[in-house]
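The lines below spell out each chain.
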Amino acid sequence: MKIFLKSLVTGFVFVMILAGCGSGTKTSTESGDSLDNQSDVRKVKVAYDQASKPMSWIDENGNPTGYDVEVMKKVDELLPGYEFEYVGTSSDDLLIGVEQGKYQVGVKNAFWTQERTEKFIFPKEFIGLSSAGLVLKKGNENIKSLSDFASAGFTLAPIAANNAQYTIIDEYNIANPSNKVKLKAGDEFSVDVVQWVNEGRVDGGVMIEGPFEKQVTAEDGPYHHLKNDVVYNEFAVIKTWPLFNKKEQEFADAYDEAVKQLKVEKKTNEYSVEFYGRDLFEVLDKVNR
């Protein structure tokens, strides 16, 4: 009897050990599956211009924000196969970094230019919109369009040929050969438009609404004292794009699907109101570009 009981206990313990081993093996497998799933998530670097409010900047808590950044955060939520890491940098470093593959994508309120298509992938879906306007002296606030500006024979502040704003004026001139804006290519990427207009060196200059508000409208802007002397007259709403590295077509395609959904859900419209103070998508319907 003693031998029988001893054998029974030994057998029971052996079965329990086997069960425990089996359980441990399953847990390990499940853990392995989890790690495999995590390894399927691709980490990508999203560069953003950290001094380009309201499109992208670093808030008072040190976090990236702005229209472009917040839209990309929503894109990230819709792409479970990707994990976005946001890298704040300068405009120049962003362009060089994306081109060389240091960053997989960058956002900087970028306009489309033919030159940029040779260096970057432009996705099918634009990310947002930017207001482009003429900076003029208060006495010339009746000039509302490029056509008005050209008809008046006004001089325009020089724009570097590699600047997207140059492309905007050049496209207008091609479409309106009998009423061209006097377009002069500058040596620098941009000139101090507000200062040039105020000093009378030129009659007007092309500027994006965000920088104008930062320089003139904002109370701490360097030209806030000129808020009653110069005006900003919007003449176009321009599509803006994220720039993808040339090897990131699959990533760009995934972005397209996500942004398409955000536009259907009107999330981009909501962010436009939040960061620009108005729905620029409604204005887009009224212009050709």
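Just so it is clear, the model here is predicted, and its values are computed rather than measured.

What to know about the sheet that holds strand β6 (residues 105-110)
- In spatial order, the strands read β5-β1-β6-β11-β7-β10; together these six strands make up an open sheet with mixed pairing. The sheet is open, and its two edges are formed by β5 (82-89) and β10 (204-208), each paired on a single side. On average, adjacent strands in this sheet sit at an angle of 25° to one another, irrespective of strand direction.
- With five bridges connecting them, strand β7 (residues 128-137) and β10 associate as antiparallel partners. Within the sheet, the bridge partner assigned to Gly133 lies in β10 and is Met207.
- Packed onto the sheet, helix α6 (residues 164-175) meets β10 and β11 (230-244) and runs at close to 120° relative to β10.

Considerations on the pattern of salt bridges
- Inspection of every chain in the model, using the stated rule, returns 10 salt bridges.
- Residues Glu248 and Arg42 are paired through a salt bridge, measuring 2.8 Å at the closest nitrogen-oxygen approach. Placement of the pair is Glu248 in the loop between β11 and α9 (249-264) and Arg42 in strand β1 (residues 42-49), with a sequence separation of 206 residues.
- Its relative accessible area of 9% is what places Glu248 among the buried residues.
- Residue Arg42 is classed as partly exposed on the basis of its relative accessible area, which comes to 35%.
- Across the salt bridge formed by Lys263 and Glu125, the nearest N and O atoms sit 3.0 Å from each other. You can see Lys263 sitting in helix α9 and its partner Glu125 sitting in the loop between α4 (114-117) and β7, a full 138 residues away along the chain.
- Given the relative accessible area of 18%, Glu125 is considered buried.
- Beyond isolated ion pairs, a larger network of salt bridges with shared partners links Glu209, Glu234 and Arg278.

Some thoughts on helix α2 (residues 67-78)
- The end-to-end C-alpha distance of α2, which contains 12 residues, comes to 17 Å, matching closely the 16 Å that a straight helix rising 1.5 Å per residue would cover.
- For α2, the set of buried residues is Tyr67, Asp68, Val69, Glu70, Val71, Met72, Val75 and Asp76.

Quick look at the environment of Ile168
- Residue placement: Ile168 occurs in helix α6.
- Each C-alpha atom of the pair Ile168 and Thr113 lies 9.3 Å from the other, and the pair is 55 residues apart in sequence.

Details of the confidence of the model for the protein chain
- Chain-level pLDDT for the protein chain is 87 on average; 83% of the residues reach the 70-or-more range.
- For the stretch residues 12-37, pLDDT sits under 50, and the model shows zero contacts to residues farther than four places along the chain or on other chains.

Here we look at the pairing of β6
- Across the six residues of β6, six count as buried, placing the element largely inside the fold.
- Of the two faces of β6, the one carrying Val105, Val107 and Asn109 and the one carrying Gly106, Lys108 and Ala110 are both buried.
- Sheet topology places β6 next to β11; three bridges connect them, and they run antiparallel. Directly across from Val105, in β11, lies its bridge partner Phe244.

A look at the packing of α2 against α9
- Here α2 crosses α9 at 110°, and the two axes come no closer than 9 Å. If you check the angle between α2 and α9, you find them roughly perpendicular. Seen along the crossing, α2 lies across α9 with a hand that is right-handed. The residues of α9 that touch α2, namely those facing Val71, Met72, Lys74, Val75 and Leu78, are Tyr255, Ala258, Val259, Gln261 and Leu262.
- When grouped by side-chain class, the residues that make up the contact of α2 with α9 number eight nonpolar, one polar and one charged.

Some remarks on the environment of Asn63
- Along the chain, Asn63 falls in the loop between β3 (56-58) and β4 (64-65).
- Asn63 sits 25 residues away from Gly88 along the chain, and the two C-alpha atoms are 9.5 Å apart.
- Among residues more than four places away in sequence, those in contact with Asn63 are Trp57 and Ile58.

Examining the pairing of β1
- Here β1 pairs with β5 via eight bridges, running parallel. The partner of Lys45 across the bridge, within β5, is Glu85.
- Sheet analysis places β1 next to β6, joined by three bridges and oriented parallel. Note that in β6 the partner of Tyr48 across the bridge is Val107.

Each value, and the rule that gives it
- Residues numbered from 1 in each chain as written.
- Predicted model: local features only at pLDDT ≥ 70, side-chain atom pairs only at ≥ 80, totals over all residues.
- Heavy atoms only, no water.
- Pairing = 2+ DSSP bridges.
- Helix = DSSP H or I, 4+ residues; strand = E, 2+ residues; numbered from the N terminus.
- Axes fitted to C-alpha atoms, helices over the stretch in contact; angles between N-to-C directions.
- Contact = heavy atoms within 4.5 Å.
- Salt bridge = Lys/Arg side-chain N within 4 Å of Asp/Glu carboxyl O.
- Buried < 20%, exposed > 50% of the residue type's maximum accessible area, 1.4 Å probe, protein only.
- Expected span 1.5 Å × (residues − 1).
- pLDDT = per-residue confidence, 0-100.
- Parallel < 35°, antiparallel > 145°, perpendicular 65-115°, else oblique.
- Left-handed = near helix turned anticlockwise from the far one by under 90°.
- Nonpolar A, V, L, I, M, F, W, Y, C, P; charged D, E, K, R; others polar.

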